Amino acid sequence: MPILSLRNLSKRFGRNVVLRDVSLEIETGKTLVVLGPSGTGKSVLLKHIVGLLKPDRGEVWFEGQRIDNIKERDLAVVRENFGFLFQMGALFDSLTNLENVAFPLKEHTTLSAVEIAAKAQDCLAMVGLPEAGPKMPGEMSGGQRKRIALARAIAMGPKVILYDEPTTGLDPIRSDVINELILRLQAKLGVTSIVVTHDMNSAFKVADRIVMLHGGVLHFDGTAETIKQSTDPIVQRFIAGEAGDDELAWMKKA
Amino acid sequence: MPAALIENLGRRTNNSLAVFGDFCVFCGQTFAWLARLLFRAKTWRLVLPQMFDVGVKSVPVVALTGAFIGMVMGIESYAQLKSIGQEERLGALINISVVKQIGPVLAAVMLAGRIGGALTAELGTMNVTEQLDALRVMGADPIGYLVVPRLIACILLTPILTIYSDLLGVLGGYFVSVKTLGIPAAPYWAYSDKAVNTWQILEGVWKGLFFGGAIGLISCYKGFTCGSGASGVGRACTESFVTSFLTIMCMNFFFAKMFQDLYRAIYGFQSLF
Ligand SMILES: Nc1ncnc2c1ncn2[C@@H]1O[C@H](COP(=O)(O)OP(=O)(O)O)[C@@H](O)[C@H]1O
Ligand SMILES: [Mg+2]
C-alpha cells in the first residue's frame, strides 16, 4: 500500500491554474524526486501533502486516511508524521538553533526539558553540526541553516520527509553534503522522502523514482535511467538545461 | 469609459469587502484562541517579553509627547481666558482635554506607529520566509502562538501608556500655567479638580483597552496577509499604521459620543465654568 496518495488534485489561485488533476502514489521507504522549472507549483504540491494548502478538487490520503478535509486539530496529529524542510529553512530567527530543533518536540511531546534538549542535540549531531546549538540561525551560512532546518524536520522521527529545493542556492560541494544527508537519513531512519528540486545532479543521486511537473500536470514518471533516455523534448531540454522556443519567444519579439 | 469606471469601482468594493470579511474571520479565530489560552501559564510566558517590547520602550516617547501637548495647550489658551478674566480656569480646560482625549489618543497613535509597524514587520517577515507555515507543520497554531500574546500585550499596555501620557500632560500643563504664566497654584488645581473626576480618567483608560485591541489585531492581520518579498512587508507596515490610525480616530469619535450620552444620562449636564 502506498503511504501517501494524491488523487486528482487541482488547485488554482485566482486565474492562475497551478495543478490540474495531479494523481500520484508514493511508496513507503522510497525517495521520490519531483522535478520542474520554477513557478510550476512544486512547493504548492508539497504544501498540499501536509495540509498547508487545501485542494480545490481532489483528495490527499495518508496511511489509508483522508487528510485534506479534516479539522486543523486532527491535522496537527497527522503532521507529527511529517518533516518539512522549507525552501529557505524557515528557522525561527528569535530562537537559538537548539531551540529551533527542540520546537516540534516541545509542541508535540510531553518529554521533559532535559530529554528534549538531548534529543535535539542528537538531531544536530546527525546533520553534522553538534556545536551549532547555542548559536542563532542568523550566524549560520546558507548551507548550515538548511542542515539545522533538516535537523528540526527529523526531530519528531517522521515517517515522511518533504524537501523543498534542498540544494537550491548552495555550491556543488554543499549541495552534495545535503544529498548525502538525504541518502543517509533514508538508510538510517527508513523514511519515505519527497524531494522537490530542479537540480539534476541531486535528482540523479537520491531518486528511486522521478516525476516531472510541467504545466500543472505530471509530464513524466519514471526512474533516473528512464528519464535520461526519454525522447520527450520538454524532458530532454529540462535535463540538458536548454531553453526552448516557448521560453525564448519574448526575445524574438523584442 | 463610464462603464469601465463603474466596473473598476465595483471590483474595488468587492475586494475591500472580501478583505474585511477575511479580517473578521481572523478576529474571530484570534478571540477563540484567546479564550482558550488566556488562563495558561505558557501564554503569559510569551506575553511578558512582548509587554516589555511594547511597553517599557514606549514610555519615554509617550510621556514626552504628552508633556509637550500639555504645555502647548497652556500657551494657546492662556491669552483667551485672560481676556475674559478667567485664566485661573486654565487647569480645568487643559486637564480635561488631556485625560479624556489627548492622553489616550496620543498614546494609541504613538503605539500604532512604534509597535504596530514593528509587529507587522516581524510577522510579515515570518510570513514571507515560510516561518508561519513551519509553525503550522510543527503543530503550533500561528494565531495562538504569535497573535494572542501580542494582542494581550497591546490591550494591557495601551491603558498603562495612556496613564503615563495623562500624567505628563497634566504636569506639562501645570509647568507652563503655574510656573511660567504665573497662575496661582491653588485655584488652578481647585478648578481642575472640579472638572476632572474619576469618570473622565477612566473614560480615557477604558478607550485605551479598545485602541490597543484594534492596534494588535490590525497589525498582526497585516503581517499575516502581506505580499511576498521585502517590498510586500514594507507596504504592509505602512498600511498597518494608516489603518490603525484611522480606526483609532473613528473609534474615538464613537466613544466620545457614547460617553457624553452616558454621562449626561447619569449625572446630567455639568458646566466646566
Ligand atoms: N499562497 C499563494 N497565493 C497565490 N499564488 C500562489 C501562492 N502560492 C503559490 N502561488 C503561485 O503558484 C505558482 C506556483 O508556485 P510554487 O509552487 O511556489 O512554484 P515552485 O515550483 O517554484 O515551487 C506560482 O505562480 C505562484 O505565484
Ligand atoms: Mg518552490
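So, how was this worked out
- Residues numbered from 1 in each chain as written.
- Chains lettered and ligands numbered in written order.
- Predicted model: local features only at pLDDT ≥ 70, side-chain atom pairs only at ≥ 80, totals over all residues.
- Heavy atoms only, no water.
- Axes fitted to C-alpha atoms, helices over the stretch in contact; angles between N-to-C directions.
- Helix = DSSP H or I, 4+ residues; strand = E, 2+ residues; numbered from the N terminus.
- Left-handed = near helix turned anticlockwise from the far one by under 90°.
- Nonpolar A, V, L, I, M, F, W, Y, C, P; charged D, E, K, R; others polar.
- Donors = N, O, S within 2.8 Å, 3.2 Å for Na, K, Ca; no water.
- Buried < 20%, exposed > 50% of the residue type's maximum accessible area, 1.4 Å probe, protein only.
- 1 Å grid on protein atoms, 1.4 Å probe; cavity = no way out; pocket = protein on both sides within 12 Å on 5 of 7 lines; lining within 4 Å.
- Points joined across faces, edges and corners; volume = space filled by probe spheres on them.
- pLDDT = per-residue confidence, 0-100.
- Expected span 1.5 Å × (residues − 1).
- Bend = angle between axes of the 7 residues up to and from the residue.
- Patch = residues over 30% accessible without salt bridge, like charges linked within 9 Å, V, L, I, M, F, W, Y side chains within 5 Å.
- Areas by Shrake-Rupley, 256 points an atom, 1.4 Å probe, with all protein chains shown as cover.
- Salt bridge = Lys/Arg side-chain N within 4 Å of Asp/Glu carboxyl O.
- Near = heavy atom within 4 Å.
- Polar contact = N/O pair within 3.5 Å; in protein donor to acceptor, adjacent residues only side chain to side chain.
- Core = buried A, V, L, I, M, F, W, Y, C linked by side-chain atoms within 4.5 Å.
- Domains from an automatic or database assignment.
- Contact = heavy atoms within 4.5 Å.
- Buried area = accessible area lost by both parts, 1.4 Å probe.
- Arc of directions from axis to C-beta.
- Phe/Tyr/Trp six-rings, centres within 6.5 Å; stacked < 30°, edge-to-face > 60°.
- Lys NZ or Arg CZ within 6 Å of the ring centre and 35° of its normal.

### Topic: the packing of helix 4 (residues 90-128) of chain B against helix 6 (residues 142-180) of chain B
Residues and elements named next belong to chain B.
- For the pair helix 4 and helix 6, the least separation of the axes is 7 Å and the interaxial angle reads 145°. For helix 4 against helix 6, the interelement crossing comes out right-handed.
- Among the residues forming the contact of helix 4 with helix 6, the class breakdown is 17 nonpolar, eight polar and three charged.

### So, the coordination of the magnesium ion (ligand 2)
Residues and elements named next belong to chain A.
- Distances from the magnesium ion (ligand 2) to its protein donors, Ser43 (OG) and Gln87 (OE1), fall within 2.0 to 2.6 Å. On the criterion of sequence distance, the pair formed by Ser43 in helix 1 (residues 42-49) and Gln87 in the loop between strand 6 (82-85) and helix 3 (97-108) is long-range, its members being 44 residues apart.
- Take Gln87: its relative accessible area is 26%, and that puts it in the partly exposed class.

### Here's the deal with the layout of surface pockets
- The computed volume of the second largest pocket comes to approximately 670 Å³.
- If you trace the second largest pocket, you find 22 residues lining it, with Ser94(A), Leu95(A), Phe103(A), Leu46(B) and Tyr145(B) closest to the centre.
- At the level of elements, helix 3 of chain A together with helix 2 (41-54), helix 4, helix 5 (131-137) and helix 6 of chain B are the ones that each hand at least two residues to the lining of the second largest pocket.
- Residue contributions to the lining of the second largest pocket peak at five residues, all from helix 2 of chain B.
- Residues that form the lining of the second largest pocket fall into these classes: 10 nonpolar, four polar and eight charged.

### Structural notes on the confidence of the model for chain B
- Chain-level statistics for chain B give a pLDDT mean of 88 and a share of 99% at 70 or above.
- Per the prediction output, this complex has pTM 0.86; the corresponding ipTM is 0.89.

### Looking at helix 4 of chain B
All names here are of chain B.
- Over its 39 residues, helix 4 runs 53 Å from end to end, which matches the ideal 57 Å to within 8%, given 1.5 Å per residue.
- The largest bend along helix 4 measures about 55° and falls at Val98.
- The first or second residue beyond helix 4 is Glu130, which carries a positive phi of 65°.

### What to know about a nonpolar patch on the surface
- Together, Phe241(B), Val242(B), Phe245(B), Leu246(B) and Met249(B) make up a nonpolar patch on the protein surface, roughly 400 Å² of accessible area in all.
- Residue position: Val242(B) is located in helix 9 (residues 229-267).

### Regarding the site of ligand 1
All names here are of chain A.
- Lining the immediate environment of ligand 1, one finds Phe13, Asn16, Val18, Pro37, Ser38, Gly39, Thr40, Gly41, Lys42, Ser43 and Val44.
- Here an oxygen atom of ligand 1 sits 3.1 Å away from a polar atom, N or O, in the side chain of Asn16.
- Here an oxygen atom of ligand 1 sits 3.1 Å away from a polar atom, N or O, in the main chain of Gly41.
- When the free accessible area of ligand 1 is taken as 560 Å², the share hidden by the protein chains comes to 59%.

### Here's the deal with the nonpolar core
Residues and elements named next belong to chain A.
- Leu4, Phe82, Leu162 and Ile194 are the most contacted members of the largest nonpolar core, which has 81 residues in total.
- If you count residues domain by domain, this core takes at least three from each of domain 1 (4-81 + 158-253) and domain 2 (90-157).
- Sequence-distant contacts of Ile194, that is, excluding residues within four places in its chain, are made with Leu4, Ile26, Leu32, Val34, Leu46, Ile49, Ile161, Leu162 and Tyr163.
- Core analysis: the next-biggest nonpolar cluster, separate from the first, contains 43 residues, Ile154, Leu185, Val191 and Ile210 among them.

### Re the interface of chain B and chain A
- Contacts between chain B and chain A engage 16 residues on the former and 20 residues on the latter.
- Of the roughly 1,600 Å² buried at the junction of chain B and chain A (both faces included), carbon and sulfur atoms supply 60%.
- Counting the surface chain B buries against chain A, the share from its top three residues, Glu130(B), Val137(B) and Met138(B), is 41%.
- Our enumeration of links across chain B and chain A arrives at three salt bridges.
- Between Asp133(B) and Lys47(A) there is a salt bridge, with the nearest N and O atoms lying 3.2 Å from each other.
- Taken together, chain B and chain A are joined by seven residue pairs in polar contact (both at pLDDT 80 or more).
- When contributions to the side of chain B that touches chain A are tallied by element, the ones reaching two or more residues are helix 4 and helix 5 of chain B.
- When residues in the side of chain B that touches chain A are grouped by element, the largest group, six residues, is from helix 5 of chain B.

### Section: helix 7 (residues 185-195) of chain B
Residue and element names in this part refer to chain B.
- Listing the buried residues of helix 7 in full gives Pro187, Tyr188, Ser192 and Ala195. Looking down the long axis of helix 7, one finds its buried residues gathered within 135° of arc, a one-sided arrangement. With respect to the buried face of helix 7, the exposed residues turned more than 90 degrees away are Ala186, Asp193 and Lys194.
- Along its buried surface, helix 7 packs onto helix 4, helix 6 and helix 8 (198-224).

### Some remarks on the packing of aromatic side chains
Residues and elements named next belong to chain B.
- For the structure on display, the rule yields 20 aromatic pairs over all chains.
- Ring centres 5.4 Å apart and planes at 65° place the aromatic pair Phe26 and Tyr221 in the edge-to-face group. Here Phe26 is found in helix 1 (residues 2-37), whereas its partner Tyr221 is found in helix 8, with 195 residues between them in sequence. Assigned by exposure class, Phe26 and Tyr221 land together as buried.
- Relative to Tyr267, the ring of Trp199 has its centre 5.9 Å away and its plane inclined at 85°; by these criteria the two rings are edge-to-face. With Trp199 in helix 8 and Tyr267 in helix 9, this residue pair connects regions lying 68 residues apart in the sequence.
- An aromatic cluster is built from Trp199, Trp206, Phe210, Phe211, Phe255, Phe259, Tyr263 and Tyr267, whose rings are joined through pairwise contacts.
- Above the plane of the ring of Trp33 lies Arg36, whose end atom (NZ or CZ) is 4.3 Å from the centre.

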